[in-house]
Amino acid sequence: MNILVLNSGSSSIKYKLIDMRDERLLAEGLVERIGEATGTITHRRYGRAGAPEKIRRDAAIDDHTTGMEMAVALLTAEDTGVVATQADIAAIGHRVVHGGELFHASTRIDERVMANIEACIPLAPLHNPGGLAGIRTAIKLFPQTAQVAVFDTAYHQSIPPHAYQYALPYALYEALGIRRYGFHGTSHRYVAGEAARLLDKPLAQTNLISLHLGNGASITAIANGRSVDTSMGMTPLAGVIMGTRSGDIDPAIVEYIAVQQGMPLSDVMRLLTKESGLKGICGRNDLRDIHQDAAAGDDRARLALEMLIYRYKHYVGAYLAVLGEVDAIIFTAGIGENDPVVRHGVCQGLDKLGIVIDPRRNTDWQGRAAAISVPESPIKVLVIPTNEELEIARQTAAVIGS
Ligand code: AMP
């Protein structure tokens, strides 16, 4: 059974076609710059062995429909394709960023579901419209195929009220839905499942702290397989320091900047989202560059690194207390999978709390989900490559199978 996974943005569509018999990636691609004078589609076809074949086409891509038609043509053409016809695609799984409080799980898409995704647009004005455009287009092009929505927020709907409420007038929660929602749910859910498998323990009896550390980053406390707290908030601006996002700050700073610098609120929000985080501290948002600068003696780069590790550790400590008992902490995503210095920094000094990293395993880790703690560490430290598209495909298969 083949499942097509779609991640549609306002001007782009990412796709992956996965054969669920062995969860093998058959093809993937990216349609970019939809609506601009020239767009691009990059398509990769994977064989059983060897490097993928890569195809790139430049053309005006007027709208999502044109973009998706081009992708479907590449997926089904003899020279570039991996399936004979559209009928060889059993279902389509859509990534949807925000499901608000309306969606607690992945769900088959119908008119009512689309209306509810639309109702969540005020919570994710930059993301949900693109997702919805992708869904509408897929339904038009694949009217007979089951379509499933998989939400970034759904995994965190198990967070209890005392953790998701903000201490603001309660009426604001009732009127505007102001609360913690959390994001990266698909990734946290995926690595939690893989961790339970690695620990050889039922997920429903496993407590974890999942650190999804990429350009955007969030840390989640998982009790008995379910999310009970997470560092991101109503929006993905909250929590740990990120590439260009500030993460948690004193909210009074917003007004102070606006008044002192004579800045409109929209500019302050842009500053917090695009000019802050690692970039704000040392001018760089990619950790690879920051390591280079720090090694060359740049004090700001060193400070950025220390701040980043400190904030990560802060959440690990908080969630150790929230959970009481933890089987493993998981590192994943760009930084979590690739940066042994950060992993070491986060775990350093936590021996007495039960986290004992093995320095050799940490630096030697490559590619495959594995423990980097010493065997007798009471809390295991795991590095697990995330795979959000595979999780979307698994969720889609589960929904259409049920
Ligand atoms: P993601 O958003 O998960 O794709 O992660 C992207 C981020 O991961 C980049 O901005 C880098 O900061 C970080 N990253 C990627 N590769 C490496 C690496 N080899 N070493 C350190 N950090 C890395």
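Please refer to the structure placed before this passage.
Structural notes, computed from the coordinates. Fair warning: this is a prediction, and the values are worked out from it, not measured in the lab.

### A word on the environment of Y166
Among the secondary structure elements, Y166 is positioned in the loop between α4 (161–164) and α5 (170–176). Separated by 118 residues in sequence, Y166 and R48 have C-alpha atoms that sit 50 Å apart. In this structure Y166 touches I178, R179, R180, G233 and M234, once residues within four positions along its chain are discounted. Side-chain polar atoms of Y166 contact the backbone nitrogen of M234, separated by 3.0 Å.

### Overview of the site of the ligand
Near the ligand, the surroundings consist of G214, N215, D286, L287, R288, A333, G334, I335, N338 and D339. One of the backbone nitrogen or oxygen atoms of L287 is found 2.9 Å away from an oxygen atom of the ligand. Separating a nitrogen atom of the ligand from a side-chain N or O atom of R288 is a distance of 3.4 Å. Protein chains shield 71% of the accessible area of the ligand, which is 500 Å² for the free molecule. For the shell around the ligand, the secondary-structure elements that each account for two or more residues are α10 (287–295) and α12 (333–338). Top element by residues in the shell around the ligand is α12. It accounts for four residues. Residues belonging to the shell around the ligand are distributed by class as follows: three nonpolar, four polar and three charged.

### Quick look at the packing of helix α2 (residues 111–119) against helix α3 (residues 128–141)
It is at 9 Å that the axes of α2 and α3 come closest, and there the two elements cross at 160°. Taken together, the axes of α2 and α3 are roughly antiparallel relative to one another. The interaxial crossing formed by α2 with α3 has left-handed handedness. Seen from α2, the contacting residues are M114, I117 and E118; seen from α3, they are N128, L132, I135, R136 and I139. Along the lines of polarity and charge, the residues of the contact of α2 with α3 split into five nonpolar, one polar and two charged.

### Remarks on the pattern of salt bridges
In total, this model carries 21 salt bridges according to the counting rule given. Residue E28 is joined to K16 by a salt bridge in which the shortest nitrogen-to-oxygen separation is 3.8 Å. Remark: K16 occurs in strand β2 (residues 13–19) and E28 occurs in strand β3 (residues 24–32); sequence separation between them is twelve residues. Taken individually, E28 and K16 each receive the classification buried, so the pair is uniform in this respect. Notably, a salt bridge pairs D58 with R56, separated by 3.0 Å at the nearest N-O pair. Residue classification places D58 among the partly exposed positions, given a relative accessible area of 46%. By relative accessible area, which is 53% here, R56 ends up exposed. Connected through salt bridges with shared partners, the residues E23, E194, R197 and R394 form a single ionic network.

### A word on helix α13 (residues 340–347)
Considered for burial, the residues of α13 that qualify are V342, R343, G345, V346 and C347. N-capping of α13 is provided by D339, with a side-chain oxygen placed 3.0 Å from the backbone N of V341. In the segment just after α13, G349 is the residue with positive phi, at about 80°.

### Quick look at unusual backbone geometry
Look at R33: it is not a glycine, yet its phi comes out positive at around 55°. Among the secondary structure elements, R33 is positioned in the loop between β3 and β4 (39–45). Although it is not a glycine, H184 adopts a positive phi angle of roughly 55°. Locating H184 in the fold gives a position in the loop between α5 and α6 (185–199). Residue classification places H184 among the buried residues on the basis of a relative accessible area of 13%.

### Things to note about the side chain of Q395
The residue Q395 is located in helix α15 (residues 388–401) in this model. Since its relative accessible area comes to 15%, Q395 is described here as buried.

### A closer look at the sheet that holds strand β9 (residues 208–213)
Paired through backbone hydrogen bonds, the strands of a sheet run either parallel or antiparallel to each other. Spatially, the six strands line up as an open sheet ordered β11-β10-β9-β12-β14-β13, and their pairing is mixed. Since the sheet does not close on itself, it has two edges, and those belong to β11 (226–230) and β13 (370–371), each with one partner. Bridging between β9 and strand β12 (residues 328–332) involves five bridges; their strand directions are parallel. From the neighbouring strand, L211 faces β12, where its bridge partner is F331.

### Describing the layout of surface pockets
In this model, the largest pocket occupies a volume close to 1600 Å³. Sorting the residues of the lining of the largest pocket by element identifies β1 (2–8), β2, β3, β4, β6 (89–96), α8 (265–274) and α15 as the ones contributing at least two each. Of the pockets and cavities examined, the second largest pocket occupies roughly 840 Å³. Residue assignment for the lining of the second largest pocket shows that the elements contributing at least two residues are β11, α8 and α11 (299–323). No other element matches α8, which puts three residues into the lining of the second largest pocket. Split by residue class, the lining of the second largest pocket holds 14 nonpolar, five polar and three charged.

Definitions and cut-offs
Residues numbered from 1 in each chain as written. Predicted model: local features only at pLDDT ≥ 70, side-chain atom pairs only at ≥ 80, totals over all residues. Heavy atoms only, no water. Helix = DSSP H or I, 4+ residues; strand = E, 2+ residues; numbered from the N terminus. Contact = heavy atoms within 4.5 Å. Polar contact = N/O pair within 3.5 Å; in protein donor to acceptor, adjacent residues only side chain to side chain. Near = heavy atom within 4 Å. Areas by Shrake-Rupley, 256 points an atom, 1.4 Å probe, with all protein chains shown as cover. Nonpolar A, V, L, I, M, F, W, Y, C, P; charged D, E, K, R; others polar. Axes fitted to C-alpha atoms, helices over the stretch in contact; angles between N-to-C directions. Parallel < 35°, antiparallel > 145°, perpendicular 65-115°, else oblique. Left-handed = near helix turned anticlockwise from the far one by under 90°. Salt bridge = Lys/Arg side-chain N within 4 Å of Asp/Glu carboxyl O. Buried < 20%, exposed > 50% of the residue type's maximum accessible area, 1.4 Å probe, protein only. Pairing = 2+ DSSP bridges. 1 Å grid on protein atoms, 1.4 Å probe; cavity = no way out; pocket = protein on both sides within 12 Å on 5 of 7 lines; lining within 4 Å. Points joined across faces, edges and corners; volume = space filled by probe spheres on them.

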